[in-house]
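# Topology and contacts: notes
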Amino acid sequence: MQFSAIVLALCAVGGAAFTPAAQPRFMATKLYANQYGKFDDQLWDIAAKKEIFDAWDPEAPRSELNFNPFERDDTGNAADCSGYFPGQIRYKD
């Protein structure tokens, strides 16, 4: 009797493995996470850098659309058109 009660309890608990997962309670707040810079796949010349620099807001957080295009990293490398430096995951050469 005790053995069958244990087997019955395990069957009831094991059934939860086959039910669909609950929906997430919240959505990601940063929906533009895969965004690239304004000049992605375009010529990244001095005119484009000046346009990004003129739109740059130093008080706002750094993003793909808000960065200093003339900034250099510790090794002297310049950022790409999205503000990523060589060695970062989303850097595009």
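In short, a report on the structure. (Residues numbered from 1 in each chain as written. Predicted model: local features only at pLDDT ≥ 70, side-chain atom pairs only at ≥ 80, totals over all residues. Heavy atoms only, no water.)

## Description of the nonpolar core
Most often, soluble globular proteins have nonpolar side chains that are buried together. Cut-off, in case you're wondering: In these notes, a set of buried Ala, Val, Leu, Ile, Met, Phe, Trp, Tyr and Cys residues joined through side-chain atoms within 4.5 Å is what counts as a nonpolar core. Classification of residues uses two cut-offs on accessible area relative to the type maximum, computed with a 1.4 Å probe and protein chains only: under 20% is buried, over 50% is exposed, and between them is partly exposed. Between two residues, a contact is recorded if the distance between any of their heavy atoms is within 4.5 Å.
In terms of nonpolar packing, the biggest core is built from five residues, these being Phe39, Ala48, Ile52, Phe67 and Cys81. Excluding anything up to four places from it in sequence, cysteine 81 contacts Gly37, Lys38, Phe39, Asp40, Trp44, Glu64 and Phe67.

## A closer look at the side chain of lysine 49
We count it as follows: Working definition: helices are DSSP H or I runs of at least four residues, strands are E runs of at least two. Numbering for both runs from the N terminus.
Mapped onto the secondary structure, lysine 49 falls in helix H2 (residues 46-55). The contact partners of lysine 49, leaving out residues within four places of it in the chain, are Trp44, Pro69 and Phe70.

## A word on unusual backbone geometry
The backbone phi angle of aspartate 41 is positive, close to 60°, even though this residue is not glycine. Mapped onto the elements of the fold, aspartate 41 is located in the loop between helix H1 (2-14) and H2.

## Focus on the packing of aromatic side chains
We count it as follows: Here a Phe, Tyr or Trp ring, Trp counted by its six-membered ring, pairs with any other such ring whose centre lies within 6.5 Å, and the pair is stacked when the planes are under 30 degrees apart, edge-to-face when over 60, and tilted otherwise.
This structure, assessed with the given rule, holds four aromatic pairs. Centre to centre, the rings of phenylalanine 53 and phenylalanine 70 are 5.7 Å apart; their planes meet at 65°, and the pair counts as edge-to-face. Remark: phenylalanine 70 occurs in the segment after H2 and phenylalanine 53 occurs in helix H2; sequence separation between them is 17 residues. The exposure class of phenylalanine 53 is partly exposed, given its relative accessible area of 35%. Judged by its relative accessible area of 39%, phenylalanine 70 is partly exposed.

Don't take any of this as a statement about function, it's just geometry.
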